[in-house]
Amino acid sequence: KARVPAATIRLGDLEEMRMGRIQIIAHEVPGHTLGSMVFELRNVAAPEQPAAAFTGDTLFCGGCGKLFEASANQMHASLARLTSRLARNARIFSGHEYTVMLLTMAVLKEPHNQEAREALREAKKKRAAKKPTVPSTLSQELTYNPWLRASVDEIAVLCGCTH
């Protein structure tokens, strides 16, 4: 939390703030780092529009962030909490363009997952055309992102760490 010394407002878990018609909801998601946060943005003037979740280095298209400070238990709990809180049509904006690499890993972990294979094919096509693969939706991630279905032990293996 002290890593951004110029921050003037710090939000805790489920704290909210408004910027005009945009509602911002903070989600504490220790995993990549102990202070990892996801910021969910909703348009209060158009509630039918899907929310945007800026997931930083916690949740990626096809994977999750490497564990630097937190444990596999913490990442597992954070991913479960996040998937229970976000709407299925929420758009996931990750902090980096790692989709092809992570979906390649997903297909290796789940070789019979047709959704993962198709997502990888589409991601490669987009990247070849110099287009971004971000955003995805939570609904899509739940079909092909193995980290969202993994046990604590599997997350530890996938992330190369301990509990």
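Let me sum up the structure you'll find in this document. (Residues numbered from 1 in each chain as written. Predicted model: local features only at pLDDT ≥ 70, side-chain atom pairs only at ≥ 80, totals over all residues. Heavy atoms only, no water.)

1. Concerning helix α2 (residues 99-109)
Think of an α-helix as turning once every 3.6 residues; residues three or four places apart then point the same way. Our working definition: Classification of residues uses two cut-offs on accessible area relative to the type maximum, computed with a 1.4 Å probe and protein chains only: under 20% is buried, over 50% is exposed, and between them is partly exposed. The helix count covers DSSP runs of H or I at least four residues long, the strand count covers runs of E at least two residues long, and both are numbered beginning at the N terminus. Think of it as the arc spanned by the lines of direction from the helix axis to the C-beta atoms. Contact criterion: two residues are considered in contact whenever any of their non-hydrogen atoms come within 4.5 Å of each other.
Looking only at α2, the buried set comprises T99, L102, L103, A106 and V107. Projection of α2 onto a plane perpendicular to its axis shows the buried side chains occupying an angular sector of 140 degrees, all on one side. In this fold, the buried residues of α2 make contact with β5 (59-60), β6 (63-64), α3 (114-128) and α4 (138-144).

2. What about the sheet that holds strand β3 (residues 37-43)?
In plain terms, the rule: Paired strands are those between which DSSP finds at least two bridges.
One open sheet accounts for six strands, arranged β1-β2-β3-β4-β7-β8; its pairing is mixed. A single partner strand is all that each edge strand has here, and the edge strands are β1 (16-19) and β8 (136-137).

3. Some remarks on the environment of A119
Along the polypeptide, A119 turns up in helix α3. Judged by its relative accessible area of 14%, A119 falls in the buried class.

4. Considering the nonpolar core
Filter applied, for reference: Put simply, buried Ala, Val, Leu, Ile, Met, Phe, Trp, Tyr and Cys residues joined by side-chain atoms within 4.5 Å make one nonpolar core.
Counting 24 residues, the largest nonpolar core has L79, L86 and I155 as the members making the most contacts within it. Counting only elements with at least two residues in this core, the list comes to β5, α1 (72-85) and α5 (152-159). V107, A116, A123 and Y144 belong to the second-largest nonpolar core, a separate cluster that totals eight residues.

5. Here's the deal with the pairing of strand β2 (residues 22-28)
In terms of residue burial, β2 counts as a mostly covered element, since five of its seven residues are buried. Pairing of β1 with β2 involves four bridges; the strand directions are antiparallel. Bridging from a neighbouring strand, M17 pairs with I24 of β2. As judged from the seven bridges shared by β2 and β3, these two strands associate in the antiparallel manner. Note that in β3 the partner of I25 across the bridge is E40.

6. Focus on the packing of α1 against α5
How we decide: Only C-alpha atoms enter the line fits that serve as axes; for helices the fit covers just the stretch in contact. Angles between N-to-C directions range over 0 to 180 degrees. Small angles under 35 degrees read as roughly parallel and large ones over 145 as roughly antiparallel, with 65 to 115 read as roughly perpendicular and the rest as oblique. Left-handed is the label given to a crossing in which the near helix is rotated counterclockwise from the far helix by less than a right angle, and right-handed is the label when the rotation is clockwise. We call Asp, Glu, Lys and Arg charged. Ala, Val, Leu, Ile, Met, Phe, Trp, Tyr, Cys and Pro are nonpolar, and the rest, Gly among them, are polar.
Between α1 and α5, the least distance of the axes is 9 Å, while the angle of their chain directions is 115 degrees. Overall, the two elements α1 and α5 adopt an arrangement that is roughly perpendicular. Relative to α5, α1 is oriented so that their crossing is right-handed. Residues A72, N73, M75, H76 and L79 of α1 form the contact with α5, whose own contacting residues are V152, I155 and A156. For the contact of α1 with α5, the class distribution of residues is six nonpolar, two polar and no charged.

7. Details of the side chain of T83
Inspection of the secondary structure assignment puts T83 in helix α1. By relative accessible area, T83 is classed as buried at 15%. If near-sequence neighbours (up to four positions away) are discounted, T83 is found in contact with R88, L138, L142 and L148.

8. A closer look at a nonpolar patch on the surface
As a reminder, the rule being used: Like-charged residues are merged into a patch within 9 Å and nonpolar side chains (Val, Leu, Ile, Met, Phe, Trp, Tyr) within 5 Å, provided each residue has over 30% relative accessible area and no salt bridge. Per-residue and other accessible areas were derived by the Shrake-Rupley procedure at a 1.4 Å probe size, with only the shown protein chains allowed to occlude residues. Here a salt bridge means any side-chain nitrogen of Lys or Arg lying within 4 Å of a carboxyl oxygen belonging to Asp or Glu.
On the surface, a nonpolar cluster with roughly 270 Å² of combined accessible area is contributed by Y98, M101 and M105. With respect to the helices, strands and loops of the structure, M101 is situated in helix α2. Judged by relative accessible area, which is 47%, M101 ranks as partly exposed.

9. Topic: the packing of α2 against α3
The interhelical angle for the contact between α2 and α3, taken along N-to-C directions, is 155 degrees, at an axis separation of 9 Å. If you check the angle between α2 and α3, you find them roughly antiparallel. Crossing hand, α2 versus α3: left-handed. In this structure, α2 contributes T99, V100, L103, T104 and V107 to the contact, and α3 contributes A116, R117, A119, L120, A123, K124 and R127. The class makeup of the residues in the contact of α2 with α3 is seven nonpolar, two polar and three charged.

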